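The residues making up each chain are set out below.
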There are 2 protein chains.
Amino acid sequence: EKNNLSFDEALAKAQELGYAEKANPSSDIEGYDAACKLAILASIAFNSRVTLNDVYREGITEVSSDDIGNALDMGYRIKLLAIGIEENGEISVRVHPALVPTSHILASIENTFNAVYIYGNYIDEIMSYGRGAGDRPTASSVVGDIIKIARNFDRKRKGIIYGCGCFEDKKFKSIDDTISKFYILMDVADKPGVLARIADVFGQNSVSINSMIQKQTDRERSARLIFITHEVVNKNLYKSISEISKLDVVDKVLSVIRVEDLS
Amino acid sequence: EKNNLSFDEALAKAQELGYAEKANPSSDIEGYDAACKLAILASIAFNSRVTLNDVYREGITEVSSDDIGNALDMGYRIKLLAIGIEENGEISVRVHPALVPTSHILASIENTFNAVYIYGNYIDEIMSYGRGAGDRPTASSVVGDIIKIARNFDRKRKGIIYGCGCFEDKKFKSIDDTISKFYILMDVADKPGVLARIADVFGQNSVSINSMIQKQTDRERSARLIFITHEVVNKNLYKSISEISKLDVVDKVLSVIRVEDLS
């Protein structure tokens, strides 16, 4: 956001600083690390077994500096979120980049900081915040776990948490059926009637548009469109994007990123 | 900050919303509540008994909407902080309003949210964040404590934490000897030589100025000065303010508030 580095440059910098793993950066940038943590936390929160395979996952490799700039212009910052929701007895667990309103506390989590943000009926919002990478914070966490395990041995207890709480067997909601808002960036032909054709495809797929911004591009007779949708069933959104990509007036759909208002 | 209410109006609104106690608002606005919590947390953190009487305490009644506006102009927000520091075996515990840089995570704690922010050598920064007032969060905390106590009964343990950890007897550092930066607001006569006389008093008391802003006031031949000092021993600052207040060219010292860069 601040230095306008390419993704590869940013990744090299992050590895140099110890923020992304050197041997296996995909653990961080593809969201595997976040997905593992989400599986553990969701199992505890919802008393039902959630494994890595149950978690829908998208990494941050497709997020461009254009997306970050556009998001800022519209009052959002892009964060990699790991979201676990239980609704009507169904569990939704997903890791993906998302646009978060700049005014939300999660938008202020930067650099190597991680946060666990919990929303509950009675507690309202609570959050834990700390360094999620680096040699000293990692050493501190590992030593903390060793001390906890040693104490538990001493007290004849097993494990770090008190036994397994997964006594329920809840269903998972498919990402296709999940409801989200979306940010969409596309390059199109700059001529009359183009927007109507795109809007028509959105409409046919029950995708309702909240806002649209048009920007000029460097290329002649080309325009860049930014859409933010209202809440939409994910499979309808994917279908509309697939159809829009095939329109002869559409050069390329560059980005499709979820928007989480967290309210 | 947002509605420019007078202190009394803001307090009435806070009481109406359940954010400040009705029977005894001084618990909140004079910082007694924060001081009690600080005494408990500092006792645990430093393994040494800290009681309410050991905590230096200033409330927020003296903070004006002018101060809040000036702070914002200079990149700060004003928060009521409860600070516990152990340095060279001495404990400093103090509750007071302070200017915090807007870029710091603590500056984003708003409304009824509270945060406990801990800085340690190895953990670096960690923070817990949640609602500190309101009927439902309070009920949730109370019920949480009841459950913990019941579990401890069941396991034949006493109290919520495992026994008393106050095995040391550390000294307290007096607020007089504490080192802080300060924000100072004063109305002075608008004529040549005034600033030199004030700067002279600061200099004689080893108070070094970081920045100074002069603003016009509504009244004729009167100017408003805003100072931010470098780090200074508190008793030197108090002495300089006492002497400056007596200068014939100084109308009134309106505000003296600490600045905490938290870095």
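One can find the structure itself at the top, above this paragraph.
For clarity, every value in this text was computed on a predicted model and none was experimentally measured. (Residues numbered from 1 in each chain as written. Chains lettered and ligands numbered in written order. Predicted model: local features only at pLDDT ≥ 70, side-chain atom pairs only at ≥ 80, totals over all residues. Heavy atoms only, no water.)

### Some details on the packing of aromatic side chains
Residue and element names in this part refer to chain A. Quick reminder of the rule: For this analysis, a ring pair means two rings from Phe, Tyr or Trp (six-membered ring only for Trp) whose centres lie within 6.5 Å, classed as stacked if their planes differ by under 30 degrees, edge-to-face if by over 60, and tilted for the remaining angles. Helix numbers and strand numbers start at the N terminus; a helix is a DSSP run of H or I with at least 4 residues, a strand a run of E with at least 2. The rule is simple: take the accessible area with a 1.4 Å probe, protein chains only, and divide by the maximum for that residue type; under 20% is buried, over 50% is exposed, in between is partly exposed.
Applying the stated rule across the entire model yields 4 aromatic pairs over all chains. Relative to F227, the ring of F202 has its centre 5.3 Å away and its plane inclined at 70°; by these criteria the two rings are edge-to-face. Of this pair, F202 sits in helix α6 (residues 194-204) while F227 sits in strand β9 (residues 222-229); the two residues are 25 residues apart in sequence, bridging distant segments of the chain. Note on accessibility: F202 and F227 belong to one class, buried.

### Notes on the relation of the copies chain A and chain B
Where we set the bar: C-alpha atoms of residues with pLDDT of at least 70 in both copies form the basis for the least-squares superposition of the copies.
Turning chain A through 180° and shifting it by 0.0 Å along the axis lays it on chain B, with an RMSD of 0.0 Å. The superposition of one copy onto the other is thereby described by a two-fold rotation axis. In terms of proximity to the rotation axis, the leading residue of chain A is A:S128, whose C-alpha is 2.3 Å off the axis.

### Quick word on helix α5 (residues 135-154) of chain A
Our working rule: A helix's residues, less one, multiplied by 1.5 Å, set its expected span.
An ideal rise of 1.5 Å per residue puts 28 Å on 20 residues; α5(A) measures up with 29 Å between its terminal C-alpha atoms. Where α5(A) terminates, the next one or two residues include A:K156, which has phi positive at roughly 60°.

### Brief notes about the pattern of salt bridges
Side chains that carry opposite charge are capable of pairing whenever their charged atoms lie near each other. All names here are of chain A. Counted only if it meets this: Salt bridge, as applied in this entry: a Lys or Arg side-chain nitrogen positioned within 4 Å of an Asp or Glu carboxyl oxygen.
The full count for this structure, using the stated rule, is 34 salt bridges over all chains. The residue E168 makes a salt bridge to K170 at a minimum N-O spacing of 3.7 Å. Note on E168: relative accessible area 36%, which makes it partly exposed. Taking relative accessible area as the criterion, K170 reaches 14% and is therefore assigned buried.

### Here's the deal with the state of the cysteines
Spelled out, the test is: Two cysteine sulfur atoms make up a disulfide if the distance between them is within 2.5 Å.
Applying the stated rule across the entire model yields 0 disulfides over all chains. The closest cysteine sulfur to the non-disulfide-bonded B:C36 is located on B:C166, 15 Å from its own sulfur.

### Points about the packing of α6(A) against helix α7 (residues 234-245) of chain A
All names here are of chain A. Keep this limit in mind: Note on method: axes are straight lines fitted to C-alpha atoms, helices fitted across the in-contact stretch only, with angles between N-to-C directions ranging 0 to 180 degrees. With respect to orientation, any angle under 35 degrees is reported as roughly parallel, any angle over 145 as roughly antiparallel, any angle of 65 to 115 as roughly perpendicular, and every other angle as oblique. Should the near helix be turned counterclockwise from the far one by less than a right angle, the crossing is left-handed, whereas a clockwise turn marks it as right-handed. The criterion used for residue contact is that any of the two residues' heavy atoms lie within 4.5 Å. Put simply, Ala, Val, Leu, Ile, Met, Phe, Trp, Tyr, Cys and Pro go in the nonpolar bin, Asp, Glu, Lys and Arg in the charged bin, and everything else, Gly too, in the polar bin.
Their axes nearest at 9 Å, the elements α6 and α7 cross at an angle of 150°. With respect to α7, the element α6 is oriented roughly antiparallel. Crossing geometry of α6 relative to α7 is assigned as right-handed. Packed against α6, whose contacting residues are I198, V201 and F202, the element α7 presents S240, I241, E243 and I244 at the interface. Looking at side-chain class alone, the contact of α6 with α7 contains 5 nonpolar, 1 polar and 1 charged residues.

### Digging into the interface of chain A and chain B
Here is the rule we go by: The term buried area means the drop in 1.4 Å probe accessible area that two parts suffer when joined, counted for both and summed.
On the side of chain B, 21 residues touch chain A, which itself brings 21 residues to the contact. Taken together, both faces of the contact between chain A and chain B bury some 1900 Å²; the carbon and sulfur share is 52%. Three residues, A:Y122, A:Y129 and A:R136, lead the burial of chain A against chain B; their summed loss comes to 30% of the area buried on that side. If you look at where chain A meets chain B, you find 2 salt bridges. Residue B:R131 is joined to A:D124 by a salt bridge in which the shortest nitrogen-to-oxygen separation is 3.0 Å.

### Describing the nonpolar core
Burial of nonpolar side chains together is a common tendency in soluble globular proteins. Here is the rule we go by: Residues belong to one nonpolar core when they are buried, are Ala, Val, Leu, Ile, Met, Phe, Trp, Tyr or Cys, and are joined through side-chain atoms within 4.5 Å.
A:I109, A:M127, A:Y129, B:I109, B:M127 and B:Y129 are the most contacted members of the largest nonpolar core, which totals 24 residues. At the level of elements, β2 (76-87), β3 (90-101), β4 (113-120) and β5 (124-131) of chain A together with β2 (76-87), β3 (90-101), β4 (113-120) and β5 (124-131) of chain B are the ones that each hand at least two residues to this core. The contacts of B:Y129, once residues within four sequence positions are left out, are A:I105, A:E125, A:I126, A:M127, B:I109, B:F113, B:N114 and B:A115.

### Focus on the side chain of A:R224
All names here are of chain A. This is how it is decided: Any pair of nitrogen or oxygen atoms within 3.5 Å is treated as a polar contact; in protein, a donor-acceptor pairing is required on top of that, and neighbouring residues in sequence qualify only through side-chain atoms on both sides.
As for its position among the elements, R224 is in strand β9. The class for R224 is buried, based on a relative accessible area of 19%. Of the polar contacts made by the side chain of R224, one reaches the side chain of D66; its length is 2.6 Å. Among the polar contacts listed, one links the side chain of R224 to the side chain of D187, at a separation of 2.8 Å. The contacts of R224, once residues within four sequence positions are left out, are D66, L185, M186, D187, I213, Q214, K215, T217 and L254.

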